[in-house]
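For reference, the chains in residue letters:
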Amino acid sequence: MRKTPNKRAQSVKAKQRANITFRMNILFFSIFILFTMLILRLGYLQIVKGEDYSREIQRTEEVPVNTSVPRGRIFDSEGRILVDNKPQKAITYTKMQTTTAKDMYEIAEKLSLLIEKDTNAITKSDLQDFWLFINSEEANNLVTTKERNEIENDEDLSKKEKNAAINRLIRSKITEEQLNSFSKDELEIIAIYREMASGYALSPQIIKGGDVANKVLKPGQISEEVTVEEFARVSERLGDDLKGVNTTTDWRRVKNSTLAILGTTTLPKEGIPKNRLDYFLSRDYSRNDRVGKSYIEQQYEEVLQGQKSVVKNITDGKGRVIDVQTVYEGEPGKDLVLTIDSELQTEMEAILEKKLVEMKNSNSGTKYLDRAFVVMLDPYTGEVLSLVGKQIVKDSETGKPTVRDYAFAAFTTAYEVGSTVKPGTVLTGYRENALSPGQTLIDQPIRIKGSNPKSSVFNRTGRIPMNDLEALERSSNSYMFQIAYSVAGRTYQPNQGINFGPESFQKMRNGYAQLGLGVPTGIDLPGEVSGVEGGIEMGKLLDLSIGQYDTYTPLQLAQFVATLANGGNRIQPHVVKEIREPSSDGVQLGKIVKEMTPNILNTLDNTRAEIERVRQGMQRVYFGNKGTARSAFSHAAYTGAGKTGTAQSFFWDADKQQNIQTVNLTHVGFAPYDNPEIAYAVVVPHAFIESSYKTNLTTALTKELVDKYFEIKQKNNALKENDSTATPLIKAPYTNDSIDEEQAE
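Calculation rules
- Residues numbered from 1 in each chain as written.
- Predicted model: local features only at pLDDT ≥ 70, side-chain atom pairs only at ≥ 80, totals over all residues.
- Heavy atoms only, no water.
- Pairing = 2+ DSSP bridges.
- Helix = DSSP H or I, 4+ residues; strand = E, 2+ residues; numbered from the N terminus.
- Axes fitted to C-alpha atoms, helices over the stretch in contact; angles between N-to-C directions.
- Phe/Tyr/Trp six-rings, centres within 6.5 Å; stacked < 30°, edge-to-face > 60°.
- Lys NZ or Arg CZ within 6 Å of the ring centre and 35° of its normal.
- Buried < 20%, exposed > 50% of the residue type's maximum accessible area, 1.4 Å probe, protein only.
- Parallel < 35°, antiparallel > 145°, perpendicular 65-115°, else oblique.
- Left-handed = near helix turned anticlockwise from the far one by under 90°.
- Contact = heavy atoms within 4.5 Å.

Caption draft 1: Geometry of the sheet that holds strand S18 (residues 641-653). Overall, antiparallel pairing links the 6 strands, which are arranged S11-S10-S9-S20-S19-S18 in an open sheet. Only two strands of the sheet have a single neighbouring strand rather than two, namely strand S11 (401-405) and S18. Put simply, the sheet's adjacent strands are angled 15° from each other on average, direction ignored.

Caption draft 2: Representation of the packing of aromatic side chains. Under the criterion given, the structure shown has 20 aromatic pairs. Between the aromatic rings of Tyr638 and Phe710, the centroid separation amounts to 4.7 Å while the plane-to-plane angle is 25°, which identifies the pairing as stacked. Placement of the pair is Tyr638 in the loop between helix H23 (630-633) and S18 and Phe710 in helix H24 (residues 698-721), with a sequence separation of 72 residues. Through pairs of rings, three or more aromatic residues link up here, namely Tyr295, Phe373, Tyr406, Phe408, Phe411 and Tyr415. Above the ring of Trp251, the side-chain terminus of Arg290 is found at 4.0 Å from the ring centroid. Note that Arg615 overlies the ring of Tyr673, its terminal NZ or CZ placed 4.6 Å from the centroid.

Caption draft 3: Structural context of the environment of Pro502. Checked against the element boundaries, Pro502 lands in helix H19 (residues 502-515). Overall, Pro502 belongs to the partly exposed group, its relative accessible area being 46%. When the C-alpha positions of Pro502 and Ala488 are compared, they lie 9.0 Å apart, and in sequence the two are 14 residues distant.

Caption draft 4: Quick look at the packing of helix H16 (residues 422-431) against helix H22 (residues 608-623). Close contact between H16 and H22 brings their axes to 10 Å; oriented N to C, the two are set at 150°. With respect to H22, the element H16 is oriented roughly antiparallel. Two packed elements cross with a definite hand, and for H16 against H22 that hand is right-handed. Contact residues: H16 offers Pro423, Val426, Leu427 and Tyr430, while H22 offers Glu610, Ile611, Arg613, Val614 and Met618.

Have a look at this one:
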């Protein structure tokens, strides 16, 4: 009997076939849509955007490259060259963004056949680099599989750190024998390569040309000066054979003065100092640029650096340079004209150095004397006319004493200056209503309970009535002590204790600060210090009033007396007078870009009458019957005013491990009295051991310095009357000094 088909099963199969067919149709339709979209997209890219993408593929990349230009020159106030640029032949190498180490080694090998290169600068790392380059397979075998796996499996290290660790391990296994196996020719290649590799992409790097022609060479040492033959040989081979190599004219800095504040620049091999790298890179400097690293060269870096020429490297899509175009020719840095006259500076240096050596050799009490300073300012403009510092040091080669320039210490070191601050004490007394002009006080020993008497040098036991003018003339300590009492709101009573509050110290210091003591002068040089503030120890207020507590720089002392000289304006001192365009003909100075004008930092709170009263007291120091500087200045051919000073100080003797009591000698003044041209300060720290001190020798020294100023002025005025030249001319240096930047190193 035949079975009847199961209709339900047939229905299920039919549905399954229908679902499969539907899904297949959906799949084919989706594929159709995707292919259609792809074809449309390809058509769009080919037809609509084809030309744009074609241009993009062929697009060139423009990369700017900065090349060095000569720095601005520095002249003295009379147009004499102080810092110049000396041209020199140079061989340079510029690597591209696509340059490999192999490319550079090949160029270095070719270049070594054309020039000689000193190998003394090669480091152990350089030798390792070269050994790894020529022994790459052997280098890989120095690290075992186990050692490599240990590093590779360290999950705490990134891929970069792992590679660095393996590299260090390989280098550590290179033996000294392997590093010493290189021939003389190979060492020369290494020396050239290390210079090439130290540069940055698209920035020229000097391979040879940065040394000094007349430098005394050690036996076997090769001069880095490019010879005429080397320059010619390399020039003939420029092109594809020495790709990236060029012959050019470079420059190096030469100073025609030993004056330290002129500053120094980095050498080509140094480039930008690491501690200021971010600062300069943010201002579009290259890493191997030469920059000012001290004093004027550093302070006026952006003026002296100039505008570097810019060339454009046209590269293809693979980074290969296909053309070079000059975008901007560049121009040398601006020139600086200083306020300092080389003749005056040189004469002042000679006088101070001679006196310092004479004092040092005068007696055994000058054991700790090693330095002296003179600062001379124009009191109305703040121009630094002369900034002199001398220091006796031991010559590192001979072991004998020699004198070096120490001018920068006039604003970077501070000392107790003694009685030269007394005009400031009197003005502070007026300002705080603690003293009236003409007020009489009794000069007498100040007896404080539990302490030794404090008195004036000329009056250890008696009682002498005197007013403010006499107090300045004779340099009365007692008068100043009593002003300090009054500033603190106290009246002196013998044999009683003292109780001065901190506000009294602040009042005194505020008065001094208005005159320039204990605060930055604002000079346009880096590194200035403010001195040391002694604190608020009760009994020290009296010492503060006579300059034997806080410390001040010689430059602060000069600004202090300049403020008195000009009638009460504290003027910011400056060493740069003008910024000028580079000279176009080498004969005349360039056009003025900027002229420095007087900058008044503050004006004294005192009245004009009070300031004039103090000036009169200072004039009596020079011309009064009992003036402390009368012996030197009473017969001067000019009028003037000043103040002498001595201060007890301490010198730390490292050998004895103790402080030795010494005496600092100081002198401040201005001249002529009615219309001051100069304000000056002389400071001789630790001139004598206190027990051997007899007299303040700075008075005669100051007189000699001021005399020299007026002597030079009179001579120059006579010369200018016969000089009809209207345009400032560039003049030869005043001295025969010539200090090459590389010699200075």
